[in-house]
Each structure stands twice: as structure tokens, then as C-alpha cells.
Amino acid sequence: MIKVITYGTFDLFHFGHQRLLERAKALGDYLIVGVTADGFDRARGKINVQQSLMERMEAVKATGIADEVIVEEYEGQKIDDIMRYGVDIFAIGSDWKCYFDYLDEYCQVVYLERTAGVSSSELRAEKREVHLGLVGDSLFLNKFEKESHFVNGVKIVGLCVSPSVAVGLSDELRCLPCVTEDYDALLREVDAVYILSKPADHYEQIKAAILCGKHVLCEPPIALSVKEWAELNELAKTKGCILMDAIRTAYSTAYYRLLLLVKSGCIGKVVSVDASCTSLRDNDITPNERREKWNSICSWGPNALLPVFQILGVDYKQKTITSHIEDESVMYDSFTKITFIYPQAVASIKVGKGVKTEGELVVSGTTGYVYVPAPWWKMDYFEIRREDPTENKRYFYQLDGEGIRYELVSFLKAIQSGKNFSYINDKVSEAFVQVMEDFYKGCNLIRI
Ligand code: C2G
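Here is what the cut-offs are and how they apply
- Here the residue numbers are simple positions, counted from 1 along each chain's written sequence.
- The predicted origin of the model limits local features to residues at a pLDDT of at least 70 and limits the giving and counting of side-chain atom pairs to 80 or more, whereas totals for whole chains, interfaces and linings rest on all residues.
- Hydrogens are left out, water is left out, and the side-chain values use all remaining heavy atoms of the structure.
- Numbering of helices and strands runs from the N terminus, with a helix taken as a DSSP run of H or I at least four residues long and a strand as a DSSP run of E at least two residues long.
- Our radius of gyration is a C-alpha quantity, and the globule rule it is checked against amounts to 2.2 Å times the number of residues to the power 0.38.
- Accessible areas in this description were obtained via Shrake-Rupley with a 1.4 Å probe; residue shielding takes into account the shown protein chains only.
- Think of it in three bands: residues with accessible area under 20% of the maximum for their type are buried, residues over 50% are exposed, and the middle band is partly exposed, with areas taken using a 1.4 Å probe on protein chains only.
- Only heavy atoms enter the contact rule, under which two residues are in contact if any of them lie within 4.5 Å.
- Pairs were defined over the aromatic rings of Phe, Tyr and Trp, the Trp ring being its six-membered one, requiring ring centres within 6.5 Å. Orientation was assigned from the angle between planes: stacked under 30 degrees, edge-to-face over 60, tilted for the rest.
- One requirement defines pairing of two strands: DSSP has to find at least two bridges between them.
- Comment: axis = line fitted to C-alpha atoms, over the contacting stretch for helices; angle = value between 0 and 180 degrees taken between N-to-C directions.
- Note on terminology: pairs of cysteine sulfur atoms within 2.5 Å are recorded as disulfides.
- Under this scheme an angle from 65 to 115 degrees is roughly perpendicular, one under 35 degrees roughly parallel, and one over 145 degrees roughly antiparallel; angles in between are oblique.
- Each residue gets one of three labels, nonpolar for Ala, Val, Leu, Ile, Met, Phe, Trp, Tyr, Cys and Pro, charged for Asp, Glu, Lys and Arg, and polar for the others, Gly among them.
- Cavity and pocket criteria rest on a 1 Å grid covering protein atoms alone: a 1.4 Å probe that fits but cannot get out defines a cavity, protein on both sides within 12 Å along at least 5 of 7 lines defines an open pocket, and an atom within 4 Å of a point defines a lining residue.
- Grid points are joined across faces, edges and corners, and a volume is the space filled by probe spheres set on the points.

A few points about the overall build of the protein chain
Right, so step 1: In terms of helices and strands, the protein chain carries 16 helices and 20 strands.
Right, so step 2: Against the globule reference of 22 Å for 448 residues, the protein chain gives a C-alpha radius of gyration of 25 Å, in line with a compact fold.
Right, so step 3: For the protein chain, the exposed area adds up to about 19800 Å²; of that, 50% sits on carbon and sulfur atoms.

This is the structure we're talking about:
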């Protein structure tokens, strides 16, 4: 019996896949199909896959061509599989020509002509080309624009920016079809907006966008009062629009795996979460501009609060905010420390814009702790540490583009499906805003 093996993602199963499987099967008597696991696809840079592993495996099974369907989970697995299953022929589309020649040490390698005119990428793009507009006053937009090219189905078509910021923007951004200072004009040209303007403008800008039926991805805080936050959320639901917090850390694989491990009890019961996020000030803007824009609490607060609220929840009993406020007129805090008391745990965050400290994250539990070195918010690595250091474990997950591309993929999926897949749920988003509101109102605020 001649055994043939082939591999693929088989996203949005199409005619090209069908033909590939038919021809692979015809090479022998028994066909094994390896379907790539989500984590493996991500690791090899395929981040736009639409269907879950289960759905993709089902689609392959439904053809009735495969005799056996397996999951491909790791680099190098092909060699393992070929040996384990006693495979005679490895078959793959001609788009991989030469790439798998190294397998000829183990079996015969056959490249089958790729079917022209159909591909998952095209199907994905067709399904959901979302025209995105950028709103903001930061050069970070350059990075955002670059990252958008990794996500098919999204196209940045416009930009609303003040002339002072426009000077530092890349040519790609300055040459967009719609570059304007008029926000309403931008809204007319797009399906969705990414908002990176100063926090005090978020409420009005989000409201205007949603009233026009546009989806919103906004750097948190979404609003500066819970009342406004609730109003925007309600409005988004009524209008069928997605409103999502943009925190890149939430979309990094390492951070997400850390959450899953902690939640499944790998360090016992969590008793403390401590996170610090600080940076020195931008030198490219004047002190006045800077003060009007992002203070410490708005720049870093939601990011530092993310692990606190996602691990311990939002029902804390007490909170104390201690801030060094440099300018009372605009509530510019160069440093803020917040402590939370939960029924059986504590948490603290330190944020600074003009004060620097070690940017680490520590989650302490009854059987060990998680340590994430600085800058933890760009997480690709963490350790689970125990009393006996020989039991320590290290985890590494590639982080591409600081998580921006994964965040965009989630936003697009949400738009397409009408369901918010955001890793940051409503409760967490609201709790960020509650902290901001208390800070600005001076509730539980100690000035140093
Ligand atoms: N294919 C094809 N014609 C198309 C599209 C795809 O013949 N129009 C083939 C590909 O060449 C591949 C298989 O269908 O052999 C599955 O394609 P994908 O789902 O795009 O998977 P791919 O990323 O090519 O994964 O490590 C190698 C991978 O597992 C192959």
C-alpha cells in the first residue's frame, strides 16, 4: 500500500484545495492530511486564518478524500509524521516548490501544480475589505500603518490629523486618498476608525463615528466617565457597531497563554498582581501640547490595569490612587501608583510619564509566581518560578509587530461576524474608565 501525506491550513476550503487533495490521493492508496493548528499557523506568520482548526478539519473530512486527518502542531513535525506513519510520498502545491526538498531523505517529494485563480487570501479579502480611517496626534500612526499590511481585508484609506503632526508622518500616510482635518469628512470615506487622539476627545469622536454607523477601535480609555462609557456602549449595540479597546498587549500570544496558565491554577491561588509601565516624555512636542495630551494615567493606566482586572476581576473592595501631579490645571500626573484590595488578594500598578522604573509584571500565587521582565507590555517571554528553582519553567512566544496586527485581525473578525471577540470584555473596559473617572474627580486620590 502506498501512503501519501499532505499538509495545509485549508481555510475557507475551496476548489484549489479539493483538486490538491484529489491529485495527492491519486498518487497512492492511502491519504493522510495534516491540518495546521492555529498556534502553528500564527508562528509561521499566517495570522488571518478565519476558521477554527475544528472547522478546517471538518471541511477536509467532508470531502471524503482523506483516509486520515491529523493536526500539524510544530516545526519539524513532517519528518516525524513521515517516519511514524511509514509514508511513501509527500505531496504539496507547487507554491512550495523546492522548499520541501529536504524531505526526500525520508520519502518521495512531489509538487503538484497549484490551481490558478483561487486562494484563501483572496476569499478572505473579498469577504471583508474594511476601509479604515486613522484619527490621532501621534507618530505611532506610522507603525500602525505599516502593520496593517500584514492583515488582508483591511485598507487604510484616510487620516484625520492636525498639520503639526502631519509633518512627521510617513509618505504612505500623507499620500492616502483622504487626508483631512475635518473628522466628518473622514467618516464619510470609511467603514471604521482607529482613534489615537487625546483622551478628552474620545467620547465625541466615538459618538460621531457610531452615529454614522462606523466601527471603532480606540486607544483606551474609551471615555473619561462611566456614564459616557455606558452611553457609547449602548449606542454601539443599538447601531450594530463594534467598539473595541486597543491594547496591544492583550493580543500577544505570550500574555494570553500567561492568563490561561494562571487561570488554570499553575501558581495556585493568586494573591497579588503587580505591574509597572513607565516611559520618559516625548521630546518632540512642547510642554503645553504634552500636558494636554497623554498624562501617565491615560498613557499607561489601562495597560497596567489589564492583568489586574483580567486575573483578579473588577470587584475590588478598595482602591487608593497616589499621584504626583505636576500640573493641576490639566491633571498631568508624571507618576501614579494605585493599590487595590480584593477580598483575598491585593494588586498594585505604577505608571509614569516622566518617571522611570523597572517595567515588570509579577503575579504571585500560593504555589509559585509568574515573572515577566521589562518591558512586560511587549511580552514574548515569561517564567513560572517556584521555591525550588529546578522546577522553574520558561515560556517563549514570538511577538510580531508588538501585537498590532493581531489586534487588527480581532477587530476585523468582530466587524465581520458582528460579535466582539475582544479579549478585553465590557467589564474590564468599564473598570478602566472607572479608574480614570476617580482620578479626575479626585476620589481616593492622594497627592504627593
Ligand atoms: N493549493 C492549491 N491551489 C490553490 C490553493 C492552494 O493547489 N489555488 C494547495 C497548496 O499548495 C497546499 C494546499 O492546497 O498544498 C493547502 O493550501 P493552504 O491551505 O494555503 O496551506 P499552506 O499554507 O500552503 O500549507 O507547511 C506547509 C503547509 O502546511 C502548507
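Don't stop here, the text continues.
Things to note about the environment of Ile-384
Right, so step 1: Inspection of the secondary structure puts Ile-384 in strand β18 (residues 381-385).
Right, so step 2: In this structure Ile-384 comes out as buried when scored by relative accessible area, which is 3%.
Right, so step 3: For Ile-384, the residues in contact, after removing those within four places along its chain, are Leu-261, Cys-266, Ile-267, Tyr-369, Glu-391, Asn-392, Lys-393 and Tyr-395.

Section: the packing of aromatic side chains
Right, so step 1: Considering all chains together, one arrives at 18 aromatic pairs under this definition.
Right, so step 2: Between Tyr-316 and Phe-340 the ring centres are 4.8 Å apart and the planes differ by 70°, which places this aromatic pair in the edge-to-face class. Note that Tyr-316 is positioned in the loop between α14 (296-312) and β13 (318-327) and Phe-340 in strand β14 (residues 332-341), a separation of 24 residues in sequence. For the pair shown, Tyr-316 and Phe-340 are each scored as buried.

Notes on the sheet that holds strand β8 (residues 178-180)
Right, so step 1: The 6 strands lie next to each other as β8-β7-β6-β9-β10-β11, forming an open sheet whose pairing is parallel. Among the strands making up the open sheet, the edge pair consists of β8 and β11 (243-245). Averaged over all pairs of adjacent strands, the angle between their axes in this sheet comes to 25°, without regard to strand direction.
Right, so step 2: In this structure, strand β7 (residues 154-160) lies alongside β8, joined through 3 bridges in parallel fashion. Within β8, the residue paired with Leu-159 across the bridge is Val-179.

A few points about the state of the cysteines
Right, so step 1: Considering all chains together, one arrives at 0 disulfides under this definition.
Right, so step 2: Among the cysteines around Cys-107, which has no disulfide bond, Cys-98 carries the closest sulfur, lying 16 Å off.
Right, so step 3: Overall, Cys-107 belongs to the buried group, its relative accessible area being 8%.
Right, so step 4: The structure places no disulfide on Cys-241, whose sulfur is separated from the nearest cysteine sulfur, that of Cys-212, by 9.3 Å.

A few points about the packing of helix α11 (residues 226-239) against helix α16 (residues 426-441)
How two helices pack is summed up by the angle between their axes together with the distance between the axes.
Right, so step 1: In contact at an axis separation of 9 Å, α11 and α16 are set at 150° when each is read in the N-to-C sense. When the axes of α11 and α16 are compared, the pair comes out roughly antiparallel. On α16, the residues that touch Val-226, Lys-227, Trp-229, Asn-233 and Lys-237 of α11 are Asp-426, Ser-429, Glu-430, Val-433, Gln-434 and Glu-437.
Right, so step 2: The residue inventory of the contact of α11 with α16, partitioned by class, reads 3 nonpolar, 3 polar and 5 charged.

Examining empty space enclosed by the protein
Right, so step 1: As enumerated under the stated definition, the model contains 1 cavity of 30 Å³ or more in all.
Right, so step 2: Considering only enclosed or pocket space, the largest cavity measures out at about 60 Å³ in volume.
Right, so step 3: Taken together, Ile-222, Trp-229, Asn-233, Leu-243, Met-244, Asp-245, Asn-420, Ser-422, Ile-424, Asn-425, Asp-426 and Ser-429 form the lining of the largest cavity.
Right, so step 4: Among the elements of the structure, α11, β11 and α16 are those that each provide at least two residues to the lining of the largest cavity.
Right, so step 5: The leading source of residues in the lining of the largest cavity is β11, at 3 residues.

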